[in-house]
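# Notes for the structure review
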Amino acid sequence: MLYGVQYYPEHWPKARWAVDARMMREAGINVVRMGEFAWSVIEPQEGKLDFSLMDEAVALLDAHGIKTIMCTPSRTPPPWAFDRYPGVRNVDENGRLVNYGFRYTVGLSHSEFIQLSQRIDRAVIEHFAGNDAIIGWQVDNEIGMNNDCYCERCRRRFHHYLEEKYGTLDALHEAWGSHFWSFTFTTWDEVPLPSYSPQLALEYRRFLSSLNVDFTRWRSELIHALDPGKFVAANFQSFSVRHTDYKQLAKVIDLNGMNDYPARSPELILDFYRGERGTFLPLEQFTRLLEIDTGPGWMRLWAYMAIAHGACGVNFFRWRCCRWGAEQLRDGILPHDGQPARRYDELARMGAEIARIGERIDRTRPRADVAVLMSYESRWAIDAGTLGNREWDPAEDVIAVHNVLRDQNVPTDALDPRDDLSAYRLVFAPRLYSMDRRIGENLRAFVENGGTLCLTAPSGVVDEFNVNFDTPRPGPLADAAGIRVSDLSPLHEPVPLHSAAIPGLDGGDASVLADEIHPVTATVLATYAGGWREGLPAITANRFGKGQVVYVGASLRGDSLIALITHLRGEAGAAGLCETPDGLHVYQRVGAGERLWFALNYTDEPLAFTLPGTWEDILHGDTCAGEVQVAPLDLRILAQEGA
């Protein structure tokens, strides 16, 4: 298991490096990540490469038993690059040239940047290729952040993208509805930058995302060619970030990486960035955040939370708080003075544990029969449309559903709606606003083969071009859902619900938005109990093939959502692992002949739960049965034979 830190040798005197390496080794560190901001160290002047600093650091760490994940450094060019090649800079939505000095102020499609960045990245990869101290690579850092560009050169490249995708202007006109507002083009060059057209805005976001994927693909392929046998990773950002479709980016790398800052990110992010791969690596794992008050225990607990969700290790950000720049009061294991303090003690405690049990954990993976689905395209389509309401972001419903499943200790995968769903009993697809043919066929097949699918409003509203369907909603799934949706409106205030079919739902609230539902073959499970919608369907269910589609015509929260999910789990036979008190969550990883339960207590009080059968506590080496206690801000890792 990888147990590491982010290290910046360029920040510290060389005399300090040996001290850092010794302290890392004593804390159980076996890997560091470095190099993503080192372009000016490696190429202080154009064409004059100097790898001596990085070479010495890699060798010194290796001598202490610490391997390196090396990053390509090209997205943060030195000042000389901006001075000599002003064309590398990007342009914001208002047409203003973005000043350098912050990270990532380059246009990925600008010819000057392409030439400079590929030159430095090739040099770095060629230099370190074959070095056994390098166990893997990370392409740059936070790919796509602040790289959106709206200059004329990007517009011209966008025209080539459109021509390659659509082939003819007639095909584009047909897809986009060019007759609206006289939006018909006679040449590709007439296509403007994003404006009021939801179709144009969605396609430009796809284009920008594809630039980020192409940037990564070029480097990934070069690493595989020059340094075969090493993994290639990239660190996906917070779930609030929409600039890149990380499901597409994952296809051009070997290991999904991520930034894991639980104090400001939903737990869903761990399952979603794990995706179909079954494992992932937090390349930036929480140590501290200036704006978050976290005492002893949280750093270790949240790191184990990532491992419980399937991580193959953790890499803490970062080894030592930086003394300079925009992050000088931010994250770090060591404080600015470089002396060990409580976070180092916590690091060492977990390091000793990982040294004992890491290999055993590595032999397991998460396994689930429930999944939640989300597509970036649905998020982009809502953003690009005229809705203009971030409260309608599909992620909000996805997070809410995932949180309830987590609280009920239900192992859950988080996937793209095009992923293989054959292993699941119950699938939630909240606010699946955009549906293409593949999505429709995939979800229909899941239901026909016996699965329970839960959709929430607004689902199946537009196709892949952000064009409203001219058939009943929810689009390709209308017959499977057994309903026709005729309208969508915001709910300015929560509306009460009535239900005799779903225990615990009667008297609950619907909120945020509401679909106007007309049952065709579906059964009504809940109705609105107030306002002009009183008596109208709010939740329906329809048998289709061997399975069923449940359609929730609004957003549910709190006890209402708990009641719905509990009901659907019972219908689908999707059991939770066990019952636990509030604040104690249990996660599962399964391997050949063994399963592991991670019981994490997120409260300041000891909590207990009851185990089914006899288990081994692999952290403490004792046998457990019946009721077991978990100390405050602590965990138990329990093993049982069988899968």
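As a reminder, the structure under discussion sits directly above these lines.
To keep things clear, this report deals only with the structure shown in the data block.

Criteria and thresholds
- Residues numbered from 1 in each chain as written.
- Predicted model: local features only at pLDDT ≥ 70, side-chain atom pairs only at ≥ 80, totals over all residues.
- Heavy atoms only, no water.
- Pairing = 2+ DSSP bridges.
- Helix = DSSP H or I, 4+ residues; strand = E, 2+ residues; numbered from the N terminus.
- Axes fitted to C-alpha atoms, helices over the stretch in contact; angles between N-to-C directions.
- Parallel < 35°, antiparallel > 145°, perpendicular 65-115°, else oblique.
- Left-handed = near helix turned anticlockwise from the far one by under 90°.
- Contact = heavy atoms within 4.5 Å.
- Nonpolar A, V, L, I, M, F, W, Y, C, P; charged D, E, K, R; others polar.
- Buried < 20%, exposed > 50% of the residue type's maximum accessible area, 1.4 Å probe, protein only.
- Core = buried A, V, L, I, M, F, W, Y, C linked by side-chain atoms within 4.5 Å.
- Lys, Arg positive; Asp, Glu negative; His and termini not counted.
- Salt bridge = Lys/Arg side-chain N within 4 Å of Asp/Glu carboxyl O.
- Polar contact = N/O pair within 3.5 Å; in protein donor to acceptor, adjacent residues only side chain to side chain.
- Arc of directions from axis to C-beta.
- Phe/Tyr/Trp six-rings, centres within 6.5 Å; stacked < 30°, edge-to-face > 60°.

Our next topic: the sheet that holds strand β22 (residues 607-617). What the six strands build is an open sheet, ordered β9-β20-β21-β24-β22-β23; its pairing is antiparallel. Of all strands in the sheet, those bounded by a partner on one side alone are β9 (364-365) and β23 (622-630). Pairing between β9 and strand β20 (residues 584-591): two bridges, direction antiparallel. By the bridge assignment, R365 is partnered in β20 with V590.

Contact geometry for helix α14 (residues 394-407) and helix α17 (residues 558-572): axes closest at 10 Å, N-to-C directions at 65 degrees. One element, α14, and the other, α17, form an angle in the roughly perpendicular class. As for how α14 packs across α17, the hand of that crossing is right-handed. Every residue of α17 that contacts α14 at A400, V401, V404 and L405 is listed here: L561, I562, I565 and R569. Of the residues that constitute the contact of α14 with α17, the class distribution is seven nonpolar, no polar and one charged.

On to helix α13 (residues 376-384). Counting buried positions over the nine residues of α13 gives eight, a clear majority of the element. Of the residues making up α13, those classed as buried are Y376, E377, S378, R379, W380, A381, I382 and A384.

Taken together, the 10 strands give an open sheet; going across it, the order is β11-β10-β12-β13-β18-β17-β16-β14-β15-β19, and neighbouring strands pair in mixed fashion. One side of each edge strand has no neighbouring strand; the edge strands of this open sheet are β11 (412-415) and β19 (554-555). Against the sheet, α14 touches β10 (370-373), β11, β12 (426-429), β13 (452-456) and β19, its axis set at about 165 degrees to β10.

Counting 145 residues, the largest nonpolar core has I307, F316, L347, F428, I539 and F598 as the members making the most contacts within it. Take this core: its biggest share by element is 10 residues, from helix α11 (residues 298-308). In this structure I307 touches M1, V314, M350, I354, I361, R589 and F598, once residues within four positions along its chain are discounted. If you look at the next biggest cluster of nonpolar residues, it comprises 29 residues, including A371, L432, V485 and I517.

Our next topic: the side chain of R343. Topologically, R343 is positioned in helix α12 (residues 342-362). The side chain of R343 is buried and forms no salt bridge, while E346, the nearest opposite charge, is found at 8.0 Å. A polar atom in the side chain of R343 sits 2.8 Å from the backbone oxygen of G332. R343 has contacts with T287, R288, M299, G332 and I333, leaving out every residue within four places of it along the chain.

Within helix α7 (residues 169-176), burial applies to L169, L172, H173, A175 and W176. Looking down the long axis of α7, one finds its buried residues gathered within 165 degrees of arc, a one-sided arrangement. Those residues of α7 that are exposed and angled more than 90 degrees off the buried face are D170 and E174. Considering only its buried residues, α7 is in contact with α6 (152-166) and α8 (198-226).

Under the defined criterion, the tally for this structure stands at 31 aromatic pairs. Residues F236 and Y273 carry aromatic rings whose centres are separated by 5.3 Å and whose planes lie at 85 degrees to one another, so their mutual orientation is edge-to-face. Here F236, found in strand β5 (residues 231-236), pairs with Y273, found in helix α10 (residues 268-274); they are 37 residues apart in sequence, far enough to count as distant. Classification of Y273 by relative accessible area gives buried; the value is 1%. Taken together, a centroid distance of 5.5 Å and an interplanar angle of 80 degrees make the contact between F239 and F272 edge-to-face.

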